[in-house]
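# Architecture at a glance
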Amino acid sequence: TQESTKVSSSLSLSLDPGQPATSSSMSIARSVGLAVIRTAKIHAPTGARAASTFSVDLTGKTAFVAGVADSRGYGWAIAKNLAEAGCKVLVGTWPVVLGPFVKQLESAEGFGVDQIMGNGQKFTIDKVYPLDLGFTNESEVTPKVLQSKYYAGLSGFDIRSVANKVKAEHGNIDFLVHSVANGPEVSKPLLQVSRQGYLAASSASAYSLIGLVQEFGPLMNKGGGVISISYVASTQVIPGYGGGMSSAKAQLESDTRTLAFEVGREYGVRVNTISAGPLKSRAASAIGKGVDGAKGYIDLSIDYMKANAPLSQDLEADDVGKTALALLSPMGRCITGETIFVDNGMHAMGVAVDSASFAPYPLYQNIQKKQREKA
């Protein structure tokens, strides 16, 4: 064909620039060219998105995102990016914050500009399910929980029940997102944390991923993907991020690798986690509040990142959202069992460049001078 002639001609010139193209080299080039064309057709995006070589079209795909409660967090950003790519989005929200979230979502103003996608359209969620990741099945739900005002009138909010509802109402899914972390004693160092507080952090922040995969795994189509959100405290000491949360994140990353093997072999699904930098989300803002108007823990963490990371810039929730989109899409088809850092490179640093201990050293003085000039 005309396409193969053009490709084979260009390829034949690259086989050996110093020699004329022979019939043998032309034959090889023509075969390679046809293979390239066939591959391009197989992996080319469809529909309106086909205009861009690198566009991601997830039309016809379905995602379940656990842990969306407002428009400020990573869960929202991931869900929004998936929706913009054409994916149907289902959400699981903790009953404690379900009421306010649904009320604003369904209001006339919604979440304002946060709900507008890059294409100018409004981000919509097909359905919001009450979901408490602390319970794998209904038998684990205690009478005390059922008597809580937040759970009044709710039923079937355990993982298994929600998975069954999703299966009945939407069929199989392609993507599963775990954007959940909770440690009731997060402000306490390990020397003070209780056994109950430590295990609660592990249950809500780490085992919950296992529970989700156990129940939603059988619903997932081959070639799909699972994403969770981790933090650098899994491998580095971050004073202030306590209550067993650092241990829970270490568990999450270890489980990601093991699940990548088990889920890959069982369902043909990829499992990765994103180690995200500090973001002033609703949950992060509760870690440690400032006194008398002073900055809180998360604000100081953001300042620290900008002062010491290789890339001195703000980290947006959308940065994580786009990374998750790439990993879940066909572009990430061979990536699994990985912890992907999206933190402006902060994880790579071994010494804080704004450390007072190094202040007298000329190199660090120069770094600080340049930082002040840019500011």
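The structure we're discussing is the one just above.
Attention here is on the structure that accompanies the text. Being a predicted model, the structure only gives us computed values, none of them experimental.

## Remarks on the overall build of the chain
- Summing up its helical and strand segments, the chain has twelve helices and seven strands in all.
- Looking at the 375 residues of the chain, the share that counts as buried comes to 44%.
- Intrachain contacts of the chain at a sequence separation of at least 6 include 74% that bridge at least 24 residues.
- When the accessible surface of the chain is totalled, it reaches about 19700 Å², and 55% of it is carbon and sulfur.

## Re the packing of helix H6 (residues 159-170) against helix H7 (residues 195-216)
- For the pair H6 and H7, interaxial distance at closest approach is 9 Å and the crossing angle is 35°. Considering how the two elements wind past one another, H6 and H7 form a crossing that is right-handed. Of the residues in H7, those touching H6 at Ile159, Arg160, Val162, Ala163 and Val166 are Ser208, Gly211, Leu212, Glu215 and Phe216.
- Of the residues belonging to the contact of H6 with H7, the class tally is six nonpolar, two polar and two charged.

## Considering helix H4 (residues 95-106)
- Between its terminal C-alpha atoms H4 stretches 16 Å, which fits the 16 Å expected from twelve residues at 1.5 Å a residue.
- Among the residues of H4, Pro95, Val97, Leu98, Phe101 and Leu105 are the ones counted as buried. All buried residues of H4 project into a common sector of 130° when viewed along the axis, lining one side. Set apart from the buried face of H4 by more than 90 degrees, the exposed residues are Pro100 and Lys103.

## Brief notes about the sheet that holds strand E1 (residues 62-66)
- Pairing within the open sheet is parallel, and its seven strands lie in the order E3-E2-E1-E4-E5-E6-E7. Either end of the sheet is taken by a strand with one partner, and the two such strands are strand E3 (127-130) and strand E7 (339-342). Direction aside, neighbouring strands of the sheet carry axes that sit 20° apart on average.
- Where H6 meets the sheet, it contacts E1, strand E2 (88-93), E3 and strand E4 (173-178), and its direction lies at approximately 155° from that of E3.
- Along the sheet face, helix H11 (residues 317-328) touches E4, strand E5 (220-230), strand E6 (270-276) and E7 and points at about 165° away from the line of E6.

## What about the pairing of E6?
- Among the seven residues that make up E6, seven are buried, leaving the element largely enclosed by the rest of the structure.
- The side-chain alternation of E6 yields two buried faces, one formed by Arg270, Asn272, Ile274 and Ala276 and the other by Val271, Thr273 and Ser275.

## Observations concerning the side chain of aspartate 343
- Assignment of secondary structure puts aspartate 343 in the loop between E7 and helix H12 (362-374).
- Buried within the structure, aspartate 343 lacks any salt-bridge partner; lysine 249 is the closest side chain of opposite charge, at an N-O distance of 13 Å.
- A polar contact of 3.0 Å, which involves the side chain of aspartate 343, links it to the backbone nitrogen of glycine 345.
- Separated by 3.0 Å, the side chain of aspartate 343 and the backbone nitrogen of histidine 347 make a polar contact.
- With residues near it in sequence (within four places) discarded, aspartate 343 still touches Ser275, Ala276, Gly277, Met305 and Ala309.

Cut-offs used in this document
Residues numbered from 1 in each chain as written. Predicted model: local features only at pLDDT ≥ 70, side-chain atom pairs only at ≥ 80, totals over all residues. Heavy atoms only, no water. Helix = DSSP H or I, 4+ residues; strand = E, 2+ residues; numbered from the N terminus. Buried < 20%, exposed > 50% of the residue type's maximum accessible area, 1.4 Å probe, protein only. Contact = heavy atoms within 4.5 Å. Areas by Shrake-Rupley, 256 points an atom, 1.4 Å probe, with all protein chains shown as cover. Axes fitted to C-alpha atoms, helices over the stretch in contact; angles between N-to-C directions. Left-handed = near helix turned anticlockwise from the far one by under 90°. Nonpolar A, V, L, I, M, F, W, Y, C, P; charged D, E, K, R; others polar. Expected span 1.5 Å × (residues − 1). Arc of directions from axis to C-beta. Pairing = 2+ DSSP bridges. Lys, Arg positive; Asp, Glu negative; His and termini not counted. Salt bridge = Lys/Arg side-chain N within 4 Å of Asp/Glu carboxyl O. Polar contact = N/O pair within 3.5 Å; in protein donor to acceptor, adjacent residues only side chain to side chain.

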